[in-house]
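Examining the three-dimensional arrangement
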Amino acid sequence: MGSTQKDEIFIKVHGPIIVGAGPSGIAVAACLKENGIPSLVLERSDCIASLWQYKTYNIVKLHLPKKLCELPLLGYPKNFPTYPTRDQFIAYITAYADHFKIKPMFNQTVESAVFEFERGVWRVKTQDSGYESRWLVVATGENAEALVPEIPGLETFEGPLLHASEYKNGYEFKDKRVLVVGCGNSGMEISLDLCNHKAIPFIVVRSSVHVVPREMFGFSTFGVAMTLLKWLPIKLVDKIILSITKHILGDIDKFGIRRPKTGPMELKLTSGRTPVVDVGALSEVKTGNIKVVEQGVKEISKNGVKLMDGQELECDCIVLATGYKSNVPSWLKGCDFFTDKGIPKTPFPNGWKGENGLYAIGFTNRGLFGAAYDATRIGKDINKEWWAMDDFEFEFPSY
């Protein structure tokens, strides 16, 4: 008979257990360390920021200026460009962890986390160890797993079929007809990269989407919008942003890209849908080098796809730029703080704290900006409890 959790040995952790060593988890650990509070960071991969290191394409850059993407307590090097590259961001997060002497336990996949009411502790079990603490920080984020849609015939396609998390560059796709499913930032940038490598990309734009320039008159579009929101209502800000956008990018409807009726900032803040930041793909759409497919994919065949209107499109390769999802429901048990999709039920800016010492970071739909916001608040909140404790019954874990 297998042993239950109560039969197993759990190492008592002196400080919070943080699940995930991405930017969110590292930022929380830094905020705690700054206040003299230790933590145990558990990471399923073999490095920090594994999504950035293993699952991003080569040309990716930060969409917002570096000053809006700083983690707490330590900014980017001054010689970094306004929009750091993938490799520069990895260098930054690595130096950040080194600066605060954060040493996660790697190759530790959390299988379960349960709150034990009798003793008031969280019990966290990995594939080979168990830990317990008064605090649990869920830092696995909203992008933990690749989201692969259930499309009929997916397994019948005879060419390369990959998720955007597996795409690195377009070198191997030269002269190939590549269908990119999804028109978010990843879909647009991958299509642009395919163009630059002499491939023939088709991008499925099934739903409406906002495309905005990265900058307006030398300033970040997002920065301009956030500044305007300090004085103006959001609907007026959206009108201003869209008016300037049309002046810069022109009317994109005639190229098969329809805008939502709700403005970009209102849509972002209410539903989390991020506007596409144009870094050059739109000009390729206008010239026809990136071909827009306005119909959704109904099914996949061995040599292409059938669209919703019955048309068939042959292609050599398919890239699913269909996003990511949270994996929290698979391991966090007996907790109703998260939805069945693994997102905090309480929206930003109040979704960082649950009950019984539970915290969440990386679920704001606001990227590094949201992570920095949450990390600061979690650090301050745990700091108040830490120094108010009357007893220190916990021991340092043996790692």
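None of the values given here were measured: they were computed from a predicted structure.

Conventions and cut-offs
Residues numbered from 1 in each chain as written. Predicted model: local features only at pLDDT ≥ 70, side-chain atom pairs only at ≥ 80, totals over all residues. Heavy atoms only, no water. Helix = DSSP H or I, 4+ residues; strand = E, 2+ residues; numbered from the N terminus. Rg over C-alpha atoms; globule rule 2.2 N^0.38 Å. Buried < 20%, exposed > 50% of the residue type's maximum accessible area, 1.4 Å probe, protein only. Areas by Shrake-Rupley, 256 points an atom, 1.4 Å probe, with all protein chains shown as cover. Lys, Arg positive; Asp, Glu negative; His and termini not counted. Charge placed at Lys NZ, Arg CZ, Asp CG, Glu CD. Pairing = 2+ DSSP bridges. Axes fitted to C-alpha atoms, helices over the stretch in contact; angles between N-to-C directions. Left-handed = near helix turned anticlockwise from the far one by under 90°. Contact = heavy atoms within 4.5 Å. Nonpolar A, V, L, I, M, F, W, Y, C, P; charged D, E, K, R; others polar. Parallel < 35°, antiparallel > 145°, perpendicular 65-115°, else oblique. Salt bridge = Lys/Arg side-chain N within 4 Å of Asp/Glu carboxyl O.

1. Some words on the overall build of the protein chain
- Secondary structure assignment for the protein chain yields 9 helices and 22 strands.
- Scaling as 2.2 N^0.38, a compact globule of 399 residues should have a C-alpha radius of gyration of about 21 Å, and the protein chain matches this with 23 Å.
- Along the first, second and third principal axes, the C-alpha atoms of the protein chain reach 70 × 55 × 35 Å.
- With 399 residues in all, the protein chain has 50% of them scored as buried.
- Accessible surface computed for the protein chain: about 19400 Å², of which carbon and sulfur atoms make up 52%.
- Computed over 47 positive and 46 negative side-chain charges, the inter-centroid distance for the protein chain is 6 Å.

2. A short note on the pairing of strand S20 (residues 317–320)
- Burial of S20 is two-sided: the residues Cys317 and Val319 facing one way and the residues Ile318 and Leu320 facing the other way are all buried.
- Relative to S20, strand S9 (residues 161–163) runs parallel, the two being bridged by 3 bridges. Note that in S20 the partner of Leu161 across the bridge is Ile318.
- Bridge count between strand S10 (residues 177–181) and S20: 4 bridges; the pairing is parallel. Residue pairing across strands places Val180 opposite Val319, the latter belonging to S20.

3. Quick notes on the packing of helix H1 (residues 23–34) against helix H9 (residues 367–388)
- At a minimum axis distance of 8 Å, the contact between H1 and H9 shows a crossing angle of 35°. Here the hand of the crossing between H1 and H9 comes out right-handed. Packed against H1, whose contacting residues are Pro23, Ser24, Ala27, Val28, Cys31 and Leu32, the element H9 presents Leu368, Ala371, Ala375, Thr376, Ile378, Gly379 and Ile382 at the interface.
- For the contact of H1 with H9, the class distribution of residues is 10 nonpolar, 3 polar and no charged.

4. As for unusual backbone geometry
- For the bond running from Phe348 to Pro349, omega is 15°, close enough to zero to count as cis.
- By the secondary structure assignment, Pro349 is in the loop between strand S21 (324–325) and strand S22 (358–360).
- Even without a glycine there, the phi angle at Lys198 is positive, about 65°.
- In this fold, Lys198 is placed in the loop between helix H4 (185–196) and strand S11 (200–204).
- Lys198 sits in the exposed class, given a relative accessible area of 56%.
- Non-glycine residue Asn365 carries a positive phi angle of around 60°.
- With respect to the helices, strands and loops of the structure, Asn365 is situated in the loop between S22 and H9.
- Residue class for Asn365 comes out partly exposed when judged on its relative accessible area of 32%.

5. Thoughts on the packing of H1 against helix H3 (residues 86–99)
- Contact geometry of H1 with H3 gives a least axis separation of 10 Å together with a crossing angle of 30°. Viewed along their axes, H1 and H3 adopt a mutual orientation that is roughly parallel. In this structure, H1 crosses over H3, and the sense of that crossing is left-handed. Packed against H1, whose contacting residues are Pro23, Ile26, Ala27 and Ala30, the element H3 presents Phe89, Ile93, Tyr96 and Ala97 at the interface.

6. Let's talk about the sheet that holds S22
- The 4 strands are arranged S3-S2-S7-S22 in an open sheet whose pairing can be described as parallel. With one partner strand each, in any of the chains shown, strand S3 (40–42) and S22 form the two edges of the open sheet. Taking the axes of each pair of neighbouring strands and ignoring which way they run, one obtains an average angle of 20° across the sheet.
- H1 rests against strand S2 (17–19), S3 and strand S7 (136–138) of the sheet, and its axis sits at about 160° to S2.

7. Notes on the pattern of salt bridges
- For the structure shown, the criterion picks out 9 salt bridges.
- Note that Glu116 and Arg119 form a salt bridge whose closest N and O atoms lie 3.8 Å from each other.
- Note on Glu116: relative accessible area 13%, which makes it buried.
- Here Asp381 ties to Lys353 by a salt bridge, and the two come within 3.0 Å at their closest N and O atoms.

8. Focus: helix H7 (residues 264–271)
- Listed in full, the buried residues belonging to H7 are Pro264, Met265, Glu266, Leu267 and Lys268.
- Looking at the buried side of H7, the elements it contacts are helix H5 (221–228) and helix H6 (234–249).
- In the segment just after H7, Gly272 is the residue with positive phi, at about 85°.

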